[in-house]
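Summary of structural features
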Amino acid sequence: MEALAVRLSGLDSYAEGAIRVVVFYDTLMRRRVDLPALVRASAGLAECVAGIRIHGTGQVVRAASDGGPAPGPAPPASSAVPVILDEEEIGTVWLERPGPPIPLDEVLLDRLAIAAAAVLERYGPARTTMADPALVELAISADGDQAARARALRLLGFAASSPFRVAAVRSALPLDQVAGLVCPSRPVKAAPLDGVGVILAGAIDASRFPPDVRAGIGAAGSPDRSWRQARTALRFTAPRRPVVHHDDLGAVALLAQIPPDAMRGNADVAAIERLSAEDLETLDAYCATGSLRRAADILHRHHSSIARRLDHIGRTLAIDLTAPTGLTRVRLALTAWHLLNN
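Residues numbered from 1 in each chain as written. Predicted model: local features only at pLDDT ≥ 70, side-chain atom pairs only at ≥ 80, totals over all residues. Heavy atoms only, no water.

Thoughts on the pattern of salt bridges
Across all of its chains, the model carries 14 salt bridges by this definition. Notably, a salt bridge pairs Arg240 with Asp284, separated by 3.4 Å at the nearest N-O pair. Of the two residues, Arg240 is situated in the loop between helix H8 (223–235) and strand S9 (243–245) and Asp284 in helix H12 (residues 277–289); the sequence distance between them amounts to 44 residues. On the basis of relative accessible area, Arg240 is assigned to the partly exposed category, the value being 36%. Of the residues examined, Asp284 reaches a relative accessible area of 16% and is grouped as buried. When salt bridges that share partners are traced, they join Glu278, Asp279, Arg301 and Arg309 into one network. (Salt bridge = Lys/Arg side-chain N within 4 Å of Asp/Glu carboxyl O. Helix = DSSP H or I, 4+ residues; strand = E, 2+ residues; numbered from the N terminus. Buried < 20%, exposed > 50% of the residue type's maximum accessible area, 1.4 Å probe, protein only.)

Structure follows, in structure tokens:
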């Protein structure tokens, strides 16, 4: 390219300048610069303020010709070019030159737009954990088409073809803090959506969720299906089981499809509703372990005390808790009760 520029310089000064602009941006891309560095370099080359805006996130970067932040609000652009990726306008680049554009501004902006699209495709628009909720919703929505979902995932920093997990989270802790804990070394994005926190990540370490955080984790697969599974799994969480993988629910997940009125109308579920808090705690520990002694260990009580309490609960429910069918009935009823109250 340099040799070609030298040969052209004797023929056409505009062609020489254009080739040098192309070489300039090729060099920047070989160095794998990020968006701020790209804008700073462009402002220095143009000797005026340069800027870029990413439509999907609203991110704006402006730089002065000396490489520092551009002062004040952006005035009207002297010239601008759209940033195109996969035949869609995803942003805009511009120059803020006092007076009219100069001949090479058009070439410079064209190359800046191409370079910006390449940077966004490689790195995504931001390296932060929190993401634009609208972009996350587009990525996990069942209503969007595949092309729109792929673009949203790419802007979030994920390859559309790569498997990743989606988690639905309820937490008093900041969502970005939770996301950083459960996915410390892989790309991860988080956003609140309809009152529930959404975490998208290449992989999620369930053991790293902080105490008191409830989380449902969807199976790897399409983002929309994984999100539906994560929301379902979140409904099955409980104090003794704060994190639930949808994979681990198996056929029990079918309970989430039963209408709430049908659950409330079931005699076993209605009987569970009438139990005291102490009885519910005892029954929950027994159903979780299937063992009287292990339930006693969880509750820090003597096994004989738990045996008496379970005998009382069985008579109240009119269910034999020592029989396999009775234990199955009470587990289903208790799970349904949790779903109604989650």
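Next comes the rest of the description.
Focus: the packing of helix H2 (residues 13–30) against helix H3 (residues 35–46)
At a closest axis distance of 11 Å, the pairing of H2 and H3 adopts a crossing angle of 155 degrees. Looking at the two axes, H2 sits roughly antiparallel to H3. As for how H2 packs across H3, the hand of that crossing is right-handed. Listed contacts from H3 to Val21, Phe24, Tyr25 and Leu28 of H2 are Leu38, Ala41, Ser42 and Leu45. In terms of residue class, the contact of H2 with H3 is built from seven nonpolar, one polar and no charged. (Axes fitted to C-alpha atoms, helices over the stretch in contact; angles between N-to-C directions. Parallel < 35°, antiparallel > 145°, perpendicular 65-115°, else oblique. Left-handed = near helix turned anticlockwise from the far one by under 90°. Contact = heavy atoms within 4.5 Å. Nonpolar A, V, L, I, M, F, W, Y, C, P; charged D, E, K, R; others polar.)

Re the confidence of the model for the protein chain
Looking at the protein chain as a whole, the pLDDT averages 88, with 93% of positions reaching at least 70. Looking over the protein chain, one finds the lowest element-wise mean pLDDT in helix H1 (residues 2–9), namely 46, and the highest in strand S8 (residues 214–217), namely 98. Note that residues 3–11 has pLDDT below 50 and, in this model, five contacts with residues that lie over four places away or in other chains. (pLDDT = per-residue confidence, 0-100.)

Let's talk about the packing of aromatic side chains
Summed over all chains, the structure comprises one aromatic pair. Geometrically, the ring pair formed by Phe24 and Tyr25 is edge-to-face, given 5.3 Å between the ring centres and 85 degrees between the ring planes. (Phe/Tyr/Trp six-rings, centres within 6.5 Å; stacked < 30°, edge-to-face > 60°.)

A word on the sheet that holds S8
By definition, the strands of a sheet pair up through backbone hydrogen bonds, in either a parallel or an antiparallel sense. If you trace the five strands from one edge of the open sheet to the other, you get S6-S7-S5-S8-S9, paired in mixed fashion. In this open sheet, the two strands that pair with only one neighbour each are strand S6 (188–193) and S9. Neighbouring strand axes in the sheet, compared pairwise and without regard to direction, differ in orientation by 20 degrees on average. With six bridges connecting them, S6 and strand S7 (residues 196–201) associate as antiparallel partners. Bridged to Pro192 within S7 is Gly197. (Pairing = 2+ DSSP bridges.)

Structural notes on the nonpolar core
Counting 35 residues, the largest nonpolar core has Tyr25, Leu35, Leu38, Ile52, Val83, Val93 and Leu95 as the members making the most contacts within it. Elements with a minimum of two residues in this core: H2, H3, strand S1 (49–54), strand S2 (60–63), strand S3 (79–85), strand S4 (88–96) and helix H4 (105–123). Per-element accounting of this core gives the leading share, 10 residues, to H4. Excluding residues within four positions of it along the chain, Leu38 makes contact with Tyr25, Leu28, Val33, Leu112, Ala115, Ala116 and Val119. Residues Phe236, Ile272, Leu275 and Tyr286 belong to the second largest nonpolar core, which totals 33 residues. (Core = buried A, V, L, I, M, F, W, Y, C linked by side-chain atoms within 4.5 Å.)

Thoughts on the layout of surface pockets
Each pocket or cavity is described by its volume, and for the largest pocket that value is around 450 Å³. Arg241, Cys287, Ala288, Arg331 and Thr335 are, among the 16 residues lining the largest pocket, the residues nearest its centre. When residues of the lining of the largest pocket are assigned to their parent elements, the largest contribution, six residues, is made by helix H15 (residues 324–341). By residue class, the composition of the lining of the largest pocket is eight nonpolar, three polar and five charged. Counted as a void, the second largest pocket has a volume near 300 Å³. (1 Å grid on protein atoms, 1.4 Å probe; cavity = no way out; pocket = protein on both sides within 12 Å on 5 of 7 lines; lining within 4 Å. Points joined across faces, edges and corners; volume = space filled by probe spheres on them.)

A closer look at the environment of His338
Tracing the backbone through its elements, the reader meets His338 in helix H15. On the basis of relative accessibility, which here comes to 18%, the residue His338 falls in the buried class. Residues His338 and Asp105, spaced 233 residues apart in sequence, show a C-alpha to C-alpha distance of 64 Å. Not counting residues up to four positions away in its chain, the partners in contact with His338 are Arg235, Ala238 and Asp284.

A closer look at the sheet that holds S4
Pairing is antiparallel in the open sheet, where four strands are placed in the order S2-S1-S4-S3. Looking at the sheet topology across the chains shown, the edges are occupied by S2 and S3. On average, adjacent strands in this sheet sit at an angle of 15 degrees to one another, irrespective of strand direction. Where S3 and S4 come together, seven bridges link them in antiparallel fashion. Opposite Ser79, over in S4, you have Leu95 as the bridge partner. Packed on one face of the sheet, H3 meets S1, S2 and S4 and runs near 150 degrees to S1.

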